[in-house]
Amino acid sequence: ELHAMPATHVADVFVQPSFRRKDLTVDCQVQGAAGTRLRASVSYEGKEVLKLAEVAVDKDGKARLQAPWAEPILWDLKQPRLLRLDAQLLDADGRVLDTQPVRFGFRELWPEGNKLMLNGRPVKLRAYAMSNAHDVAAMSRAGTRARIRNAMRYGGIIKRHCGEWNLGFDAADEEGLLAAPYT
């Protein structure tokens, strides 16, 4: 896709939830950053649930926002709660120059001894592969979600696939399926 962007804009947003630290970190890259500030808020089902403090964008166009979140709304298998973060770029007078929305699930996955933990609970993974990555890439969002639900009925929790498949990652987030790219 080709998008027209203003000279000063939010170029990238990386959301990093931490279940173990009970906080949310957001790293942003801004294009044309001189004299700008960044703020962000998180909403769930249209209602604001967290506000991150406003910070100055550094001379390299980077900004890090961080906020504690004692009881975050968790994304989990079978309960895929998706949140929306809005990163807003402000000029020196506080006017909004650009807004970058990012959908994410608050989840953290880590190894602990011989277990894999998801948001503090052990999770067992079972692989499920789609039969043809090209067919999957050509599917509609509804078709992809139906295929994922079918995989989950047979015990699939993690899905590996080939190629560029952002639609598949989005559908997996919506259905509560852990997904990883094929490596």
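Residues numbered from 1 in each chain as written. Predicted model: local features only at pLDDT ≥ 70, side-chain atom pairs only at ≥ 80, totals over all residues. Heavy atoms only, no water.

A. Spotlight on the environment of Arg39. By the secondary structure assignment, Arg39 is in strand 3 (residues 37-44). Once the C-alpha coordinates of Arg39 and Gln88 are considered, the two residues, 49 residues apart in sequence, prove to be 5.3 Å apart. For Arg39, the residues in contact, after removing those within four places along its chain, are Leu52, Glu54, Leu65, Asp86, Ala87, Gln88, Leu90 and Val96. A distance of 2.7 Å separates polar atoms of two side chains, one belonging to Arg39 and the other to Gln88. (Helix = DSSP H or I, 4+ residues; strand = E, 2+ residues; numbered from the N terminus. Contact = heavy atoms within 4.5 Å. Polar contact = N/O pair within 3.5 Å; in protein donor to acceptor, adjacent residues only side chain to side chain.)

B. Structural detail: the pattern of salt bridges. The full count for this structure, using the stated rule, is twelve salt bridges. The partner of Lys51 in a salt bridge is Glu48, with the nearest N and O atoms 3.9 Å apart. Classification of Glu48 by relative accessible area gives partly exposed; the value is 46%. Arg107 serves as the salt-bridge partner of Asp173, at 2.7 Å between the closest nitrogen and oxygen. A residue pair is termed long-range when its members are at least 10 positions apart, and Asp173 in helix 3 (residues 166-175) and Arg107 in the loop between strand 9 (96-104) and strand 10 (109-112) qualify at 66 residues. By relative accessible area, Arg107 is classed as partly exposed at 25%. Salt bridges sharing partners connect three or more residues here, namely Asp91, Asp93 and Arg95. (Salt bridge = Lys/Arg side-chain N within 4 Å of Asp/Glu carboxyl O. Buried < 20%, exposed > 50% of the residue type's maximum accessible area, 1.4 Å probe, protein only.)

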